[in-house]
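Topology and contacts: notes
Here is what each chain is made of, one letter per residue.
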Amino acid sequence: MKTLRLILVFSFSLSVLALFMALVLASSGAIDALAATNLGPVLSIPSGIPASSNSTVTIPVQFTSNTNLISSMIFSVDYSNTYLQFDPTLPFSITMVLPAGFSGDCTYDLADLDGEIDCFILDPLAPLNPLPDGVIASIKLTTGSAAPNTTAVVGFSVNSPPASFGNTSGQS
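Before going into details, it helps to say that this report is about the structure given with it. Computed from a prediction, not measured in an experiment: that's the story for all the values here.

Moving on: the overall build of the chain. Across its full length, the chain holds 1 helix and 12 strands. The order of helices and strands in the chain, counted from the N terminus, is β-α-β-β-β-β-β-β-β-β-β-β-β. Considering only contacts within the chain whose residues lie at least 6 apart along the sequence, 77% involve residues at least 24 apart. With an accessible surface of roughly 9,200 Å², the chain has 61% of that area assigned to carbon and sulfur atoms.

Written as structure tokens, this is what we have:
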């Protein structure tokens, strides 16, 4: 059986850079207080999701607040359309996994040559509630015919739009 291995490329946001710098500075003892700095929210997709040729693979999108009170976000998931395709006719091709009171959706452009799905999540009514950590969306992609051990890239866009978060005070 031919397999298609997905290796996911993560766009490292400023929050990841801040985490790295905080760890380096805290471990060096240069700035002890920096170890207690509040880190930014993070979106992630697991790496190495296995898939068979000519099948369907589900990509989970994970949210981690890092104690930030996030009530809204936008993000784009890019995928290699050489080996992966988005098929909106598949049942539950995009599933938003949100608590009561939150709204969200994703859009796609099948004419987009680099494969991109744009998503938003928000709490539309005040008082704004924070989104809990966990899987916030699942995206189904179909796989094409590929040679064994083929890698297809899936990750977050840094261009259109880069991930953006809004907190329960209405600030981004």
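Tallied over the entire structure, the rule returns 1 disulfide. A sulfur-sulfur separation of 2.2 Å characterises the disulfide bridge that pairs Cys-106 with Cys-119. Handedness of the Cys-106-Cys-119 disulfide follows from its S-S torsion of about 105°: it is right-handed. Of the two residues, Cys-106 sits in strand 8 (residues 103–108) while Cys-119 sits in strand 9 (residues 116–122), which places them 13 residues apart along the sequence. Here Cys-106 and Cys-119 have matching classes, each one buried.

Right, let's talk about the packing of aromatic side chains for a bit. Overall, the coordinates contain 3 aromatic pairs when judged by the stated rule. Between Phe-63 and Phe-165, the ring centres sit 6.3 Å apart and the planes meet at 35°, which makes this aromatic pair tilted. With Phe-63 in strand 4 (residues 56–64) and Phe-165 in strand 12 (residues 164–167), this pair connects stretches of sequence that are 102 residues apart. The two residues Phe-63 and Phe-165 agree in class, both being buried.

This part takes up the nonpolar core. By size, the foremost hydrophobic cluster in this structure holds 29 residues, and its most contacted members are Leu-43, Val-61, Met-73, Phe-75, Ile-136 and Leu-141. Take this core: its biggest share by element is 5 residues, from strand 5 (residues 70–79). Excluding its chain neighbours within four sequence positions, the residues that come into contact with Leu-43 are Val-61, Gln-62, Phe-63, Met-73, Phe-75, Ile-136, Phe-156, Ala-163 and Phe-165.

Reading the values: the criteria
- Residues numbered from 1 in each chain as written.
- Predicted model: local features only at pLDDT ≥ 70, side-chain atom pairs only at ≥ 80, totals over all residues.
- Heavy atoms only, no water.
- Helix = DSSP H or I, 4+ residues; strand = E, 2+ residues; numbered from the N terminus.
- Contact = heavy atoms within 4.5 Å.
- Areas by Shrake-Rupley, 256 points an atom, 1.4 Å probe, with all protein chains shown as cover.
- Disulfide = S-S within 2.5 Å.
- Buried < 20%, exposed > 50% of the residue type's maximum accessible area, 1.4 Å probe, protein only.
- Phe/Tyr/Trp six-rings, centres within 6.5 Å; stacked < 30°, edge-to-face > 60°.
- Core = buried A, V, L, I, M, F, W, Y, C linked by side-chain atoms within 4.5 Å.

Keep in mind these values describe shape, not function.
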